[in-house]
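Results of the structural survey
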2 protein chains.
Amino acid sequence: MEAGETSSSSRKSTSIPGTHPGDRFIRHVASSDLPIREVEPGRFIAELVEPASVWGKTWVRLRRALIGRPLRTAEAAHERIGKAKALAVFSSDALSSTAYATEEILRVLVLAGTAAYAFVQPIGLAIVLLLAIVVFSYRQTIRAYPHGGGTYIVTKDNLGIAPGLLAAGALLSDYVLTVAVSISAGVAAMTSAFPSLYPYRVELAVAAIVLLTVANLRGVRESATIFMLPTYAFIVSIGALILLGLASLAGLGPQPHPIHREVSPPSSPLTLFLILRAFASGSTALTGVEAIADGVPAFKEPQADNARTTLLAMGLILAFLFSGITFLSYHFRLAPNERETIVSQLARTLVDGSPFYYVVQAVTASILFLAANTAFADFPRLGYFLARDRFLPRQFRFQGDRLAFSTGILTLGALTILLVIARHASVAALIPLYAVGVFTAFTLSQTSMVVHWWRSAQGELRRVPWHSLVINAIGAVVTGIVTVVVIVTKFTHGAWIVILLIPALIGMMLAIHRHYVSVAEQLRISSEEARHWLRLLPRRSVAIVPIASLNRASLTALAYARVIADDVTAVHVATEPETGQTLQQRWREAGLTIPLVIVDSPYRELLGPLVAVIEKLHREKGGPLITVVIPEFVPVHWWERLLHTQTAWRLRRALAQIPDLAITMVPYHLRD
Amino acid sequence: MEAGETSSSSRKSTSIPGTHPGDRFIRHVASSDLPIREVEPGRFIAELVEPASVWGKTWVRLRRALIGRPLRTAEAAHERIGKAKALAVFSSDALSSTAYATEEILRVLVLAGTAAYAFVQPIGLAIVLLLAIVVFSYRQTIRAYPHGGGTYIVTKDNLGIAPGLLAAGALLSDYVLTVAVSISAGVAAMTSAFPSLYPYRVELAVAAIVLLTVANLRGVRESATIFMLPTYAFIVSIGALILLGLASLAGLGPQPHPIHREVSPPSSPLTLFLILRAFASGSTALTGVEAIADGVPAFKEPQADNARTTLLAMGLILAFLFSGITFLSYHFRLAPNERETIVSQLARTLVDGSPFYYVVQAVTASILFLAANTAFADFPRLGYFLARDRFLPRQFRFQGDRLAFSTGILTLGALTILLVIARHASVAALIPLYAVGVFTAFTLSQTSMVVHWWRSAQGELRRVPWHSLVINAIGAVVTGIVTVVVIVTKFTHGAWIVILLIPALIGMMLAIHRHYVSVAEQLRISSEEARHWLRLLPRRSVAIVPIASLNRASLTALAYARVIADDVTAVHVATEPETGQTLQQRWREAGLTIPLVIVDSPYRELLGPLVAVIEKLHREKGGPLITVVIPEFVPVHWWERLLHTQTAWRLRRALAQIPDLAITMVPYHLRD
C-alpha cells in the first residue's frame, strides 16, 4: 500500500503543493546546475527549475505555451473596480439567464397546447416579483458582510457546519450546472444563427469548456474591461430588440415577420402542477443574483454602498430584459423549438435578415460564455475555502503556475464536459437539474441572515434591526417555498439526481474532515514534548538486509547496514531449492561474518516468507526502530524496468504495514 | 522513475518469482501468526501464506477455486509413457490438421473454377511426399538428440544464436497460430453440425481459449489417458469414414447422398502461382510433426527407438487420413464453404442423418481443441528456455501456484484471443499467416542437423554419418524451398504480417539479452572482492531530513537520523512565505540543536528545490553514501491516501537518480 506522505497534513503545514506538474522532472536538475541561491547562511531562495531531459523540456515548453510562464506567489494581483465595471463583472451570470428562462417556461406550457400560453405572463410577473425579493434580501446581506458574504461562509457562521456544507454542496453542484447550461445555451445561440452547426453542438460545447478551462488555468484576472464589452453589448442590443418589439406591437415600428412554427398537439392537461413546473423552469432566471454579494471585496470604497447600488441596478436590468422577452414572445406567439432559441426567433420576427440579427446572436452567445466563466472563478474559490476548512482534499488549496486553483478548475472542467455529453448539450435536458442548488443556497443564505440580525442584538443592549430581519425573513420564506416547488415539480425530470448528489457530497466532505482532523491531532506536538522527543531512541540500532544473491548491489547494502547499525542480519528466501545452498556456499567462500538466515519457500512465494522472517527477527531483536535495508538497482532506461520484478518496491509496500520498521533503499546505479 | 529492484537479476539468483499473486496481500500476515517454521538455527521453511484481510481471503479463494491449491516445487511430476500413449499425446496437433488442410487447398483452387479441381490430387500427393521427407528427417533428429531436439535448442547449438532466435521467433508466432487455427477449425466443426451456432463462432472460440488458458494454469499434467480417447476416436472414425467412402465409390457401400453446393464462378485464371498457393495452404497439414522429436524425454526406454517408431506410425496415419479425405472430396466434388467444413460435407455425403455424422464432428472438434492445448504446453516451455537464456523477461521463468509457467500461458491466451477476434475465427482468414513459421523452423532444424552430423565426425577419426546427413540435407533443401513458396504465394494474403513480426521479435529478444547480460556483468563480484567490499564504507555517516513542519512524524524521523548518523541536517521548503518563519520559530521554542536549512520557493514548487538543496548538501558533506530520511505517515484506509499528496513517494522517485544517496522512509502509523 503506497502509504507515502510527509507530515505535511499536520495542521501547521498548510502548504505542500508538490502537485506542481514540473515536479515530475526535477530529478534531472541534479545533473544541471542547482536552481537555489543562498541569501543568508542556512536560507536559500529557489529559482524556477528548468528540467534537463528532452521530455522534461518539451513538457515544460508545452505547459508554458498553453498556460504561460509561472508566476511568483508575490505576483498575485488584486484589482478594485467601480460600479460600472462591477456590473459587467458580476452580472453576466444573472443577465445571461434571460437568454433561456422564458424559453423554458414556454417549453413546459406548450405541453398543454397554445391555450396554456396565456399563463406565460402571470408566471413571468411572479418571477420578477421573486427577483425583487431576492435582490432586497441580498442588499441586506451586503450590509452585514461588507467583506464578502459568500453563502457557504455566511451559513457556516450563523447556522453551523452541517447547513454550511449543505450550502456548499448545493453551490458546487450548481456551479457545474451553470457552466453546462450557459455553454449549451451559448452554443444554441450560435446554432440558431447557423443551423448547419446544429449536428456539432456537443463538440462545440466541449471545445468551449476546454477553452475556458485552459483560459482559467492561465489565471484570467478578473480584468473588468474584458467583461464590459459583451455584457453591455448584450444589455443594449436585447434592450433595443425589446423596444423595437413594443414599437412594432404599437404599430409604430417595422412590420414583424411572423415566422412559421409547428405547434405539437397538447400532450398533457393544463394542471396547477404544470404551471408550477413552468414557474420552476423560469426561476432559473435568478441564478447568479448572489454574485455581487459574494464579490463585495472587489468594489471600490465605499464598498457596501457601491455593491448595493450595483445589485439594485442589476436587478432592474434583469427584470426589464426578462419581462420584455417574455411579453414579446407571448404576443408574437413564439414556440420553443430545439433547433432555434426563442431569442433568435424574436430577433428574426423583428429584424430578420438584417445584420442586427447576427449581432444579437453573437452578444447572446458571448455573455453566456462569460457567465460560464464566472463559475470557473467561483467553483475553485469555494473549493479552496472548503479545503482550507479541511472538507475537501488539500489538493484544492494548491495554486498552480499561474496562482489559479488548478485542481478546482480541472475538476469543474471535467465534470461539466461529462454532464454536457450526457445531456447532449441540450438546455431543455439540463434545466431540470438546475435551480435546485441555487434556491437551496438562497434559502440557507437568507435564513442565516435572519439569525445574524437576531444575534447581532444579543449581548449589547442594541435593538434588533427589525427592518433588515423582516426583509431577509421574507426572502427566506419565499425562496424556501420556491425551493420546494422546484424540487417537487422537477423531481422526476432529473432533479432527483441533484437531490441524491448533494447529501453524498456532504457525507464525503464530513469523512474527509474527520480524517484530516484526526491526523492533525495525532501529529501535533508541543515544543515542550518536542525537546524531549529526540532523546527517545537509544543510540543502538538493528538492521535486516534481504538479499537474492551475493553481488555488488547486495554487498553495498550490507556495507551500508554495517555503517548505520550495530546488529546486522542478512535474509534470503530460496524460491528454488538450490539457491539457498549456493548462497551459503559463497557466503563461506567470502568469509562473511554477518549472520545469514535462509528461508526455503516450497511454494515459490517471495514476499510472504520475507515479511514473515523480518517480522520474526523484529520481534526477537526488539528495539523501538529496526531498519530493513533493501538493495536496489536503478536501470538507465525506463523500459528496462519491465525486465525486472520491482521486488524492492513490492517489498517496501508489503513492509509498510509493520510498525516501527524503517525501510532504506540503497541504490546501485547501473551504467548503460 | 520507479527504479526498484533487488539485485535479483544478477546471474546467480535465478529465482525471484515474486509475481506470485498472493504476494500483494502478504502484508496482512504480520498481524496473523508467522507462516515460517525453523528447521535448524538460521534456516526456516515457509508455509503457505494465508492472507488475513477480507479482500485477501476472497482473492485467494477465487484463485484456488479457479486453478486449484498451490503445489510445492517438489510436487512437480514427470510421467514416462509408452508408444501408444505417446502417439496420442504428441500427434493431436499433426493429425488434427487433416481437418482443414484439404479444405484450404480446394478453397484456393476453386478460385479458378471447377476445372482446377483436377489439381487437388497431385497437390495432395506432393504434400504426402513432403510429409515423408520431414518424418524421415526428424527420425534422424531423434537419433541425434535422444534427450529432446527442440528446434530452438538444436538450431542454437549448431547454427548459433541468431538462427536460434530466428527459429524461436518462428515457433512463437507459430504456436499462436496453431491455437488460433485449431480453435477456429474446432468451432467450425461444431457450427457445421449446428448451423444455428454460426453467428456465435467468435464468442465460442474466445470461450474455448479462456477455458484452455485456465486449464493450463491449473497445470494440466500430460496425463496421456485424457488424450488417448479423442485422438484414437478421431483416427478410427475418420478412417472408417474414408473406407466407407472408398466402398461407396466402388459401388459396394451405401449410396452417397450428393449434397447441393453453389460453385462461385471462376475469379482468377489457373496459373502456376495459384497451384503453388494451393500447395502452400495444404502444407499446413504438416504442422505439429516436430512434436514427437521435441518430446523424446517423455518416452519409455528405449526412448529414441520408441520415439522414432511412434513418429513413423504417426506419419503413416497422417498420410492415410489426409490423402483419403483429399481423394474423396475430389470424387464427391465437395466445394469449400465458410458455413460447412469439407469433413462435415464428406460425412453428410456418406452417412447423412445417422448419429455417426455427429460422432465425426464431435471427435474432430475435440482433437482440434487438443491440438490447441499442445501449443499451450509448447509456447510457455519455449518461453521458459528463452527466459533462461535471458532473451525474454525473467517473468517467463516463474512457475505459478501449480508449477505452470503462468506468464507464458497468459501471454499465449491473450495473443490468440486478439488474433481470433481480429480474424473472426475464420480458418480461411488465418491460414495465410500459418505455416510460414512451421517451415522456417523445419528448415532451420534440418539444416542444424546437417551441421550436427558433419561436426560429429570432427576431432575423432569417425567417418561422417553420410546416411543421416543426406536425409537431413534433403529435408533441409525441400522444406527450405517450401518455405520460400509459402512466403511468396501467401505474402499479400497476410504472410507479410508474420514476416514483419518475426524480425521484430528477434530484435526485442536481442535487446533484452543485452540488458540482462550487462546487468549481470555489473553486479558480479568475486568472493575475493566481496570480502573486502564490506570494509569500503567509513564508519561515519551523514543524514538529511526533509520536513514540512514540526510534528510527531518529522520528529520521529529526526530522532532516527540521530541514531544512524553523526551529522544530521533538517531541510524545509517554504512553498508559502510564512511557513519558513513559523518553522524556525518552533525550532527555537523547542530548542532543537539540529541545523535547519530553509528554502523559500516563490513558485510554490516543492520537489525541485528540495532535490536541489539535498544535492547541494550532498556535494558539501561528501561521504560515499548519504542518507535522506523521509518522514512518512501511514493512513489506515486506502482512500485516505487520496487525501495526502504522497510527497514522500514522489520525493523518493525524484531522488532515485542521484547516485550514492540512500533513502530511508521512517513510518509513523496513524490510528483510526
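Reading the values: rules and limits
Residues numbered from 1 in each chain as written. Chains lettered and ligands numbered in written order. Predicted model: local features only at pLDDT ≥ 70, side-chain atom pairs only at ≥ 80, totals over all residues. Heavy atoms only, no water. Helix = DSSP H or I, 4+ residues; strand = E, 2+ residues; numbered from the N terminus. Buried < 20%, exposed > 50% of the residue type's maximum accessible area, 1.4 Å probe, protein only. Contact = heavy atoms within 4.5 Å. Areas by Shrake-Rupley, 256 points an atom, 1.4 Å probe, with all protein chains shown as cover. Lys, Arg positive; Asp, Glu negative; His and termini not counted. Charge placed at Lys NZ, Arg CZ, Asp CG, Glu CD. Axes fitted to C-alpha atoms, helices over the stretch in contact; angles between N-to-C directions. Parallel < 35°, antiparallel > 145°, perpendicular 65-115°, else oblique. Left-handed = near helix turned anticlockwise from the far one by under 90°. Nonpolar A, V, L, I, M, F, W, Y, C, P; charged D, E, K, R; others polar. Domains from an automatic or database assignment. Buried area = accessible area lost by both parts, 1.4 Å probe. Salt bridge = Lys/Arg side-chain N within 4 Å of Asp/Glu carboxyl O. Polar contact = N/O pair within 3.5 Å; in protein donor to acceptor, adjacent residues only side chain to side chain. Expected span 1.5 Å × (residues − 1). Arc of directions from axis to C-beta. Pairing = 2+ DSSP bridges. Least-squares fit on C-alpha atoms with pLDDT ≥ 70 in both. pLDDT = per-residue confidence, 0-100.

A few points about the overall build of chain A
The helix and strand inventory of chain A stands at 23 helices and seven strands. Along the first, second and third principal axes, the C-alpha set of chain A runs to 110 × 70 × 55 Å. Here chain A holds 672 residues, and 61% of them are scored as buried. Within chain A, contacts between residues separated by at least 24 positions form 79% of all contacts whose residues are at least 6 apart in sequence. Accessible surface computed for chain A: about 25300 Å², of which carbon and sulfur atoms make up 66%. In chain A, the 59 positive side-chain charges and the 45 negative ones have mean positions that sit 3 Å from each other.

Thoughts on the packing of helix H4 (residues 120-144) of chain A against helix H17 (residues 466-490) of chain A
Residue and element names in this part refer to chain A. Taken N-terminus to C-terminus, the directions of H4 and H17 make an angle of 135°; their axes are 9 Å apart at the nearest point. Between H4 and H17, the angle falls in the class oblique. When you trace H4 past H17, the crossing you get is left-handed. Residues Leu130, Ile133, Val134, Phe136, Ser137, Gln140, Thr141 and Arg143 of H4 form the contact with H17, whose own contacting residues are His467, Ser468, Ile471, Asn472, Ile474, Gly475, Val478, Thr479 and Val482. Looking at side-chain class alone, the contact of H4 with H17 contains eight nonpolar, eight polar and one charged residues.

Structural notes on the domain arrangement of chain A
Under the domain assignment, chain A is made up of domain 1 (36-54 + 526-669) and domain 2 (79-515). Domain 1 of chain A and domain 2 of chain A are separated by 59 Å when their C-alpha centres are compared.

Some points on the interface of chain A and chain B
Interfaces are often sized by the accessible area lost when the parts come together. Taken together, the 161 residues of chain A in the interface contact 161 residues of chain B. When the two sides are added together, the surface that chain A and chain B hide from each other amounts to roughly 14800 Å², 59% of it contributed by carbon and sulfur. Run the count over chain A and chain B and you get five salt bridges. Residue arginine 43 of chain A pairs with aspartate 600 of chain B through a salt bridge whose shortest N-O separation is 3.0 Å. Summed over the shared surface of chain A and chain B, the result is 41 residue pairs in polar contact (both at pLDDT 80 or more). In terms of residue count, the dominant contributor to the side of chain A that touches chain B is helix H20 (residues 552-564) of chain A (eleven residues).

A short note on helix H14 (residues 406-422) of chain A
Given 3.6 residues to a turn, an α-helix orients residues that are three or four positions apart in the same direction. Residue and element names in this part refer to chain A. Between its terminal C-alpha atoms H14 stretches 24 Å, which fits the 24 Å expected from 17 residues at 1.5 Å a residue. For H14, the complete set of buried residues consists of Gly408, Ile409, Leu412, Gly413, Thr416, Leu419 and Val420. Down the axis, H14 shows its buried residues gathered within 140° of arc, on one side only. Exposed positions of H14 whose direction lies more than 90 degrees from the buried face are Leu418 and Ala422. Contacts made by the buried residues of H14 are with helix H6 (161-193), helix H7 (201-217), helix H13 (355-388) and helix H15 (427-430). In the stretch just after H14, histidine 424 is the one whose phi turns positive, near 50°.

So, the pattern of salt bridges
Residue and element names in this part refer to chain A. The tally for this structure, following the rule as stated, stands at 29 salt bridges over all chains. For arginine 524, the salt bridge goes to glutamate 521, with nearest N and O atoms at 3.1 Å. When its relative accessible area of 46% is taken as the criterion, glutamate 521 is described as partly exposed. Connected through salt bridges with shared partners, the residues Glu103, Glu104 and Arg107 form a single ionic network.

A few points about the pairing of strand E2 (residues 43-46) of chain B
In terms of strand pairing, strand E5 (residues 596-600) of chain A meets E2 of chain B through three bridges, oriented parallel. Pairing of aspartate 600 of chain A across the sheet is with isoleucine 45 of chain B, part of E2 of chain B. Between strand E1 (residues 36-40) of chain B and the antiparallel strand that follows it, E2 of chain B, lie two residues; glycine 42 of chain B among them carries a positive phi value of about 80°.

Some words on the relation of the copies chain A and chain B
Rotating chain A by 180° and translating it 0.1 Å along the rotation axis places it on chain B, where the RMSD comes to 0.3 Å. Both copies are brought into coincidence by an operation consistent with a two-fold rotation axis. Across chain A, the rotation axis passes nearest the C-alpha of threonine 664 of chain A, at a separation of 2.0 Å. Interface residue correspondence from chain A to chain B reaches 99%, placing this contact among same-surface, isologous pairings.

A look at the confidence of the model for chain A
All names here are of chain A. Considering every residue of chain A, the mean pLDDT works out to 85; 92% of them sit at 70 or more. Mean pLDDT in chain A bottoms out at helix H23 (residues 647-655), which sits at 79, and peaks at H14, which reaches 95. Predicted confidence is poor over residues 1-32, with pLDDT under 50, and the contacts of this stretch with residues over four places away or in other chains come to 134 contacts. As scored by the predictor, the complex reaches a pTM of 0.77 and an ipTM of 0.80.

Quick word on helix H5 (residues 151-159) of chain B
All names here are of chain B. Taken together, the buried positions of H5 are Thr151, Tyr152, Val154, Thr155 and Asn158. One side of H5 carries all its buried residues, which in axial view fall inside an arc of 165°. In this fold, the buried residues of H5 make contact with helix H4 (120-144), helix H6 (161-193), helix H10 (291-294), helix H13 (355-388) and helix H16 (436-457). Following H5 by one or two positions, glycine 160 adopts a phi angle in the positive range, close to 110°.

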